[in-house]
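# Tertiary structure, described
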Amino acid sequence: MAILHTKESALAKTKQKNFFLAAFFYGIAGIGWLWWVNNILFVHRILSFNTVVPIFVVFGGAGWLGRHFWRNYRKSASGDKGVERALDVLQRLPDDYEVFSNVVVMGRYCSIVVVGRNGVFIVQVKNHNGRIAPSGGKDWVQEKTGRGGTDYASTLRNPVIQLKGQIHAMAQFLKQEGIRVWVDGMVYFTNPDVILCDCSAEVTDNGNTILDFITNYTARHVLRDDEVTRISTWLQRAGKSLA
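Presented here is an overview of the structure given in this document. (Residues numbered from 1 in each chain as written. Predicted model: local features only at pLDDT ≥ 70, side-chain atom pairs only at ≥ 80, totals over all residues. Heavy atoms only, no water.)

Let's shift gears to the sheet that holds strand β1 (residues 3-5). Pairing is mixed in the open sheet, where six strands are placed in the order β1-β2-β3-β4-β8-β10. In the strand order of this sheet, the two ends are held by β1 and β10 (203-204), each with one partner. Here three bridges tie β1 to strand β2 (residues 98-105), and the two strands are oriented parallel to one another. Counted as the bridge partner of H5 is F100 from β2. Sitting on the sheet, helix α4 (residues 207-215) touches β3 (108-116), β4 (119-126), β8 (183-189) and β10, and the angle it makes with β8 is about 175°. Where helix α5 (residues 225-237) meets the sheet, its contacts fall on β1, β2, β3 and β4, and the angle it forms with β2 comes to roughly 55°. (Pairing = 2+ DSSP bridges. Helix = DSSP H or I, 4+ residues; strand = E, 2+ residues; numbered from the N terminus. Contact = heavy atoms within 4.5 Å. Axes fitted to C-alpha atoms, helices over the stretch in contact; angles between N-to-C directions.)

Written out as structure tokens, the structure reads:
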């Protein structure tokens, strides 16, 4: 079993802030709604226009802000869930591999970095659901079905381009540190409700594919044990960033 080095995402504090802000604004909207119901349905008070308008503005604004922060919170929570699923798979690697989560290298966020004697591997984790199809450009197409049964499409940033940027940043950093190693990686969609359409070989939704890719990878230069230790030490130190 691989050695896991896990830590919170760099966005953990932002996620927590979004949760509390969503609760705060939803609370304001709820108080406004209860005040309105109490005055209209139970007290039967006739409210003036100058009273109604500010109440509706506060109620509507608080509701909109609550929804905005709640969606941001769910987005961050979804990403964390995807990393957890990937770690459950990657811990099945042999015990001479080390797995690091939520690493920032030269300004590039890497979901997961795997270090072994046959190389350094970046696993770009995505937790999107629905049908995912590459578009050949900067954005990919995500087709989903809404709660009402209506199909709709949205876009997500091209994860292959993101992965290549992360690989380049990691390779440059290790080169600066005097480590000669080949860096490679794959994009891993972890959501069980995802359907990948016409994606390249560097994109998968199958955990076994990721494991096979890493363990069967033919290294151009096999790392010495001391080099693996140096890389591992640097990645453990990267609680915030390696820059």
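Ordered by their spatial adjacency, four strands build an open sheet running β7-β6-β5-β9, and the pairing between neighbours is mixed. The sheet is open, and its two edges are formed by β7 (151-157) and β9 (194-196), each paired on a single side. On average, adjacent strands in this sheet sit at an angle of 25° to one another, irrespective of strand direction. Sheet topology places strand β5 (residues 130-133) next to β9; three bridges connect them, and they run parallel. Opposite R131, over in β9, you have I195 as the bridge partner.

Following the sequence through the fold, N118 ends up in the loop between β3 and β4. Polar contacts involving the side chain of N118 include one to the main-chain carbonyl oxygen of I214, which spans 2.8 Å. If sequence neighbours within four positions are ignored, N118 has contacts with Y97, I214, T215, Y217 and A219. (Polar contact = N/O pair within 3.5 Å; in protein donor to acceptor, adjacent residues only side chain to side chain.)

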